[in-house]
Amino acid sequence: MPKELLIQVSPEQATQNAFLKEHVAKLLRTSVKEILHVNILKRSIDARQRSIKINLKLEVFFAGEPITEQKIDLPDYRDVSNAQEVIVVGAGPAGLFAALQLIELGLKPIVVERGKDVRGRRRDLKSINRDHIVNPDSNYCFGEGGAGTYSDGKLYTRSKKRGDVDRILKLLVAFGATPDILVEAHPHIGTNKLPKIIEDIREKIIECGGKVLFDTRVDDILVKNGKVQGIVTQNGDVIEADKIILATGHSARDIFELLHKRKIAIEAKPFALGVRAEHPQQLIDQIQYSCDYRGEFLPPAPYSIVKQVGGRGMYSFCMCPGGVIAPCATSPGEVVTNGWSPSKRDQVTANSGIVVELRLEDFKAFSKFGPLAGMEFQKSIEQRAFHLAGETQKVPAQRMVDFSQSRVSSDIPKTSYVPGTESVELGQVFPGFLTQIMREGFREFGQSMKGYFTNEAILHAPESRTSSPVRIPRDPETLEHIEIEGLYPCGEGAGYAGGIISAAIDGEKCAIKAAESIFRK
Ligand code: FAD
């Protein structure tokens, strides 16, 4: 039987298999010849002390024992060509993992996606970055793979259900992700690797008899006597089904408007909003690793920080080490930021959303919009940013210390945000209370992370799509909409996920509930 062992070593030692064998032999008071193989099960960095350590959970195989390797295969997907159809709206992580789960359960998914496939989508991203043109159906949020495709691909979640997380990680490995994601405490995939994995998922859905329709926007949902009947696409085509998994993400404002217009219950939901801060990666390494140069054995350092400021949480969100700030607007006339990293996280800058928690009462000025009040508040800030920066995809920007002192920056150095920046006093972008909290909060961040509060850091505004401003209420047991039979609000847009992994988990859950309901009949 292999033995499991927890050890702590230096970053360099953690990369040397021969050293690990010797170290293990010493710890187990045996000869190194007795150690046949050492397998790393989990790896995390302990940067709490000046001398950084790597925590490893090892699996040790002894001489004479077989080395058993964990084999990760795809589940037994069935041929569902002739099975009952379930419509899945949206090909983000929630929609794609719902589709895979439906196939596993013997049902035929019809995935309906407003955007293009990952290849076609690339051209539209180029257009935003280079020509400042936003295609409302194909952009950083919309298209195959959803908002997660051109992201850092961080794969951790605050979800306590480790089992579910492991299942999604293993499926990603089976679809081509590096097995390292099963080992790292904070795994990520990277923008360059995600598209191929997503293409392979799509190919599998089609190979099993499911359908994936791109360039197909759902413009209406058909409901009769409190039951869903199907959907209507932008061309007026009707696709019928009595089960619809609605996984349209947090940026599908037209879907929220449609539901509200159709008097299908939705609720305003608090979310968070702020800026995207960019620092030199080397500075973040120095702060986090307490060193001048991180060396070749440590990855570009991430950070995570949270403070209570003026009674509200202000925190880092979706931090991308060695990454790039992306223009994530989904309509012309607005500016939105987010961030991505390549798998090696080898860009020279680190960026992170720095956001403040909002409350429903903050949306009071928009109360005439009812449950869409938070969405309208969000939209108004994105539109103000667009106007202030000159009505292109340029982003309003300010140096961090200048922002805290309400001083327009005399210059903004080139940042990773490709469409460009415009020097703006960011207090003009946000309501006064938010500006005040952020001004104070950045100073406080600087007290916890020495060097963080600096004019070398450039703030880009706004970071506004942190989570959905709307919840689509569902029955906690059946996961169906509280009023509409057969409609499964799913993933981040419906308010039940935040991030790739939790969205994928929610997609699977909705598929299981839809299948249970079908097979019960
Ligand atoms: P989405 O991914 O938003 O997918 C919804 C899909 O529905 C989209 O493809 C959209 O085109 C489609 N759709 C919308 N309306 C319609 C309609 N009317 N008809 C048909 N289709 C429609 N999360 C992480 O966990 N880690 C990260 O590193 C990370 N980085 C990110 C970086 C960026 C740049 C962005 C934008 C997001 C990032 N996120 C990250 C967040 C993550 O992408 C989302 O949490 C996740 O994708 C939500 O999944 P979802 O399936 O619920 O919705």
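Every value quoted in this text rests on a predicted model; they were computed, and no experiment measured them. (Residues numbered from 1 in each chain as written. Predicted model: local features only at pLDDT ≥ 70, side-chain atom pairs only at ≥ 80, totals over all residues.)

1. Overview of the overall build of the chain
1) Next: Of the regular secondary structure elements, the chain holds eleven helices and 22 strands.
2) Next: At 24 Å, the chain has a C-alpha radius of gyration in line with the 24 Å of a compact globule built from 521 residues.
3) Next: Judged by the C-alpha coordinates and their principal axes, the chain covers about 75 × 65 × 40 Å.
4) Next: Taking all 521 residues of the chain together, 47% fall into the buried category. (Helix = DSSP H or I, 4+ residues; strand = E, 2+ residues; numbered from the N terminus. Rg over C-alpha atoms; globule rule 2.2 N^0.38 Å. Buried ≥ 20, exposed ≤ 12 C-beta atoms within 10 Å, placed from the backbone.)

2. Concerning the site of the ligand
1) Next: Around the ligand sit 44 residues in total, of which Gly90, Gly92, Gly146, Gly249 and Gly491 are the nearest.
2) Next: Those elements that place two or more of their residues in the shell around the ligand are helix H2 (93-104), strand S16 (337-340) and helix H11 (500-520).
3) Next: In the shell around the ligand, the residues fall into 22 nonpolar, 16 polar and six charged.
4) Next: Residue contributions to the shell around the ligand reach at least three from each of two domains, namely domain 2 (85-267 + 469-520) and domain 3 (272-463). (Near = placed C-beta within 6 Å. Nonpolar A, V, L, I, M, F, W, Y, C, P; charged D, E, K, R; others polar. Domains from an automatic or database assignment.)

3. Digging into the nonpolar core
1) Next: Counting 130 residues, the largest nonpolar core has Val88, Val89, Ala98, Ile244, Ile245, Leu459 and Cys490 as its most contacted members.
2) Next: Split by domain, the residues of this core number at least three in each of domain 2 (85-267 + 469-520) and domain 3 (272-463).
3) Next: Filtering out sequence-adjacent residues up to four positions away, Leu459 remains in contact with Val275, Ala277, Ala397, Gln398, Met400, Phe403 and Leu426.
4) Next: Ala14, Val24, Ile45 and Ile54 belong to the second-largest nonpolar core, a separate cluster that totals ten residues. (Core = buried A, V, L, I, M, F, W, Y, C linked by C-beta atoms within 7 Å. Contact = placed C-beta atoms within 7 Å.)

4. Section: helix H3 (residues 118-131)
The periodicity of an α-helix, 3.6 residues per turn, causes residues three or four positions apart to be oriented the same way.
1) Next: With 14 residues, H3 ought to run about 20 Å at 1.5 Å a step, and its terminal C-alpha atoms sit 20 Å apart, in line with that.
2) Next: Every buried residue of H3 is accounted for by Val118, Arg121, Asp124 and Ile128. Each buried residue of H3 lies within a common arc of 110° when the element is viewed along its axis, so the set occupies one face. Residues Arg119, Arg123, Lys126, Arg130 and Asp131 are exposed on H3 and point more than 90 degrees away from its buried face.
3) Next: Buried residues along H3 sit against helix H5 (194-207) and strand S15 (324-327).
4) Next: Just downstream of H3, His132 is the residue with a positive phi angle, here 65°. (Expected span 1.5 Å × (residues − 1). Arc of directions from axis to C-beta.)

5. Describing H5
1) Next: Over its 14 residues, H5 runs 20 Å from end to end, which matches the ideal 20 Å to within 8%, given 1.5 Å per residue.
2) Next: Burial in H5 covers these residues: Leu194, Ile197, Ile198, Ile201, Arg202 and Ile205. Looking straight down H5, one finds that the buried residues subtend no more than 140° of arc, so they occupy a single side. Exposed residues pointing more than 90 degrees away from the buried face of H5 are listed as Glu203, Ile206 and Glu207.

6. Notes on the UniProt feature "domain: FAD-dependent protein C-terminal" (unreviewed entry) in the chain
1) Next: Residues annotated in UniProt with the feature "domain: FAD-dependent protein C-terminal" (unreviewed entry) correspond here to residues 270-466.
2) Next: What you have in residues 270-466 is 24% helix and 27% strand, and the ends, taken at the C-alpha atoms, are 10 Å apart. (UniProt positions renumbered as here; feature names shortened; annotations may be inferred.)

7. Some thoughts on the UniProt feature "domain: MnmG N-terminal" (unreviewed entry) in the chain
1) Next: This chain's UniProt record puts "domain: MnmG N-terminal" (unreviewed entry) on residues 213-250.
2) Next: Each end of residues 213-250 is marked by a C-alpha atom, and these two atoms are 20 Å apart; helix forms 0% of the span and strand 55%.

8. With respect to the sheet that holds strand S8 (residues 227-233)
Hydrogen bonds between backbone atoms are what pair the strands of a sheet, whose relative direction is either parallel or antiparallel.
1) Next: In space, the three strands of this open sheet follow the order S7-S8-S9, with antiparallel pairing throughout. Bordering the open sheet on either side are strand S7 (218-224) and strand S9 (238-240), each of which pairs with just one other strand. Going across the sheet, the axis of each strand differs from the next one's by a mean of 25°, ignoring polarity.
2) Next: Taken together, the three bridges between S8 and S9 define a ladder with antiparallel strand orientation. Considered in S9, the bridge of Ile231 is made with Ile239. (Pairing = 2+ DSSP bridges. Axes fitted to C-alpha atoms, helices over the stretch in contact; angles between N-to-C directions.)

9. Details of the pairing of strand S14 (residues 312-320)
1) Next: Looking at chain direction, strand S13 (residues 306-309) and S14 are connected through four bridges and run antiparallel. For Lys307, the partnering residue across the bridge sits in S14 and is Met314.
2) Next: Counted between consecutive antiparallel strands, the loop separating S13 from S14 contains two residues, among which Gly310 sits at a positive phi close to 55°.
3) Next: In the sheet, S14 pairs with strand S17 (residues 349-357) via five bridges, with the strands oriented antiparallel. Across the sheet, the residue bridging to Tyr315 is Val355, located in S17.

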